[in-house]
Amino acid sequence: MNNTPKTALRPLTIVKVGGAIVEDGNELALLLAKFAALSGPKILVHGGGRTATKLASSLGITTQMVGGRRITDNEMLRIVTMVYGGLVNKNIVAQLQQRQVNALGLTGADMDIITSHRRPPRDGIDYGLVGDIDRVNTPILTRLLNDGVTPILAPLTHDGRGQILNTNADTIAASVAYALASVFRVTLVYIFEKPGVLANPDDDSSLIPLITRPLLQQYVADGTISGGMLPKVQNALEAVEKGVDSVVIQQVEALGTGFGTTVKA
């Protein structure tokens, strides 16, 4: 247990970005330029689902989704491993090297960074070769960061018995943030298509700048925050209550600035 006061810990920024930005050349270039400009140690966690779906289709493999989650059979696992751990990950790494960032592309299997177990069927749905995280290798990630390496994490983990597992990128980002919160003062950033959490989803100027647990209760009670945004905010609050210093929800254009919604304990 690290008893160092949080204010004395080195800051660490963990940025999670989804496939929509990763797969758009201009948006990706903007993201990586802003990510490269962030000071101090940092980690990027990325998705890439649209590219995986497109490649699967070109190979005659049907993509099955339930509740926004991909059913991962053996054929689909081959696709996502190639896309997430290969094509998307190495494209990001190469572009960050161009920007003088000492980036290292990793899956959870590399250096045993993230182990997981296969998700059991839920409500009669078998998600296949999908992993729920058991452990993040904090010492290895800490060593890499202290050595000036910037990990670029693909949404793949392993079970310790030779099996790669498809794993949700949001979950990876949050789990890595929890694990490193005892060693660093962690800011977890979710890049979102909107400026942040909005009081009116149709009005980008209605940004809610700060959310705490009492404020969330108030916003839920009056209907300001509901639907799909509610679980995002609840997950962010869970992160800060587990030791993450703050969670920021913002657009790619705002990365590296304070503009967006900050979630604090």
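Residues numbered from 1 in each chain as written. Predicted model: local features only at pLDDT ≥ 70, side-chain atom pairs only at ≥ 80, totals over all residues. Heavy atoms only, no water.

Undergrad: Explain unusual backbone geometry to me, please; I cannot follow it from the model alone.
TA: For residues other than glycine, phi is negative in most cases, and the peptide bonds are mostly trans. In the Ramachandran plot, Met111 falls in the positive-phi region, its phi being about 60° despite a non-glycine side chain. Within the secondary structure, Met111 is located in the loop between strand 5 (103-106) and strand 6 (114-118). When its relative accessible area of 45% is taken as the criterion, Met111 is described as partly exposed. Positive phi, close to 50°, is recorded for Asp123, a residue that is not glycine. (Helix = DSSP H or I, 4+ residues; strand = E, 2+ residues; numbered from the N terminus. Buried < 20%, exposed > 50% of the residue type's maximum accessible area, 1.4 Å probe, protein only.)

Undergrad: What is the right way to read the packing of aromatic side chains from this model?
TA: Under the counting rule described, the total for this entry stands at zero aromatic pairs. Positioned above the aromatic ring of Phe35, the side-chain terminus of Lys42 is 5.5 Å from the ring centre. (Phe/Tyr/Trp six-rings, centres within 6.5 Å; stacked < 30°, edge-to-face > 60°. Lys NZ or Arg CZ within 6 Å of the ring centre and 35° of its normal.)

Undergrad: How should the pattern of salt bridges be read in this particular structure?
TA: Two side chains of opposite charge can pair, provided their charged atoms sit close to one another. In the structure shown here, the tally under the stated rule is 11 salt bridges. Between Arg135 and Asp112 there is a salt bridge, with its nearest N and O atoms 2.6 Å apart. Of this pair, Arg135 sits in strand 7 (residues 131-136) while Asp112 sits in the loop between strand 5 and strand 6; the two residues are 23 residues apart in sequence, bridging distant segments of the chain. For Arg135, a relative accessible area of 34% gives the class partly exposed. Taking the relative accessible area as the measure of exposure, Asp112 reaches 29% and is therefore partly exposed. Put simply, Arg119 and Asp132 hold a salt bridge, and the shortest N to O gap is 2.9 Å. Of this pair, Arg119 sits in the loop between strand 6 and strand 7 while Asp132 is found in strand 7, placing the two residues 13 residues apart along the sequence. A network of salt bridges, in which partner residues are shared, links Arg119, Arg122 and Asp132. (Salt bridge = Lys/Arg side-chain N within 4 Å of Asp/Glu carboxyl O.)

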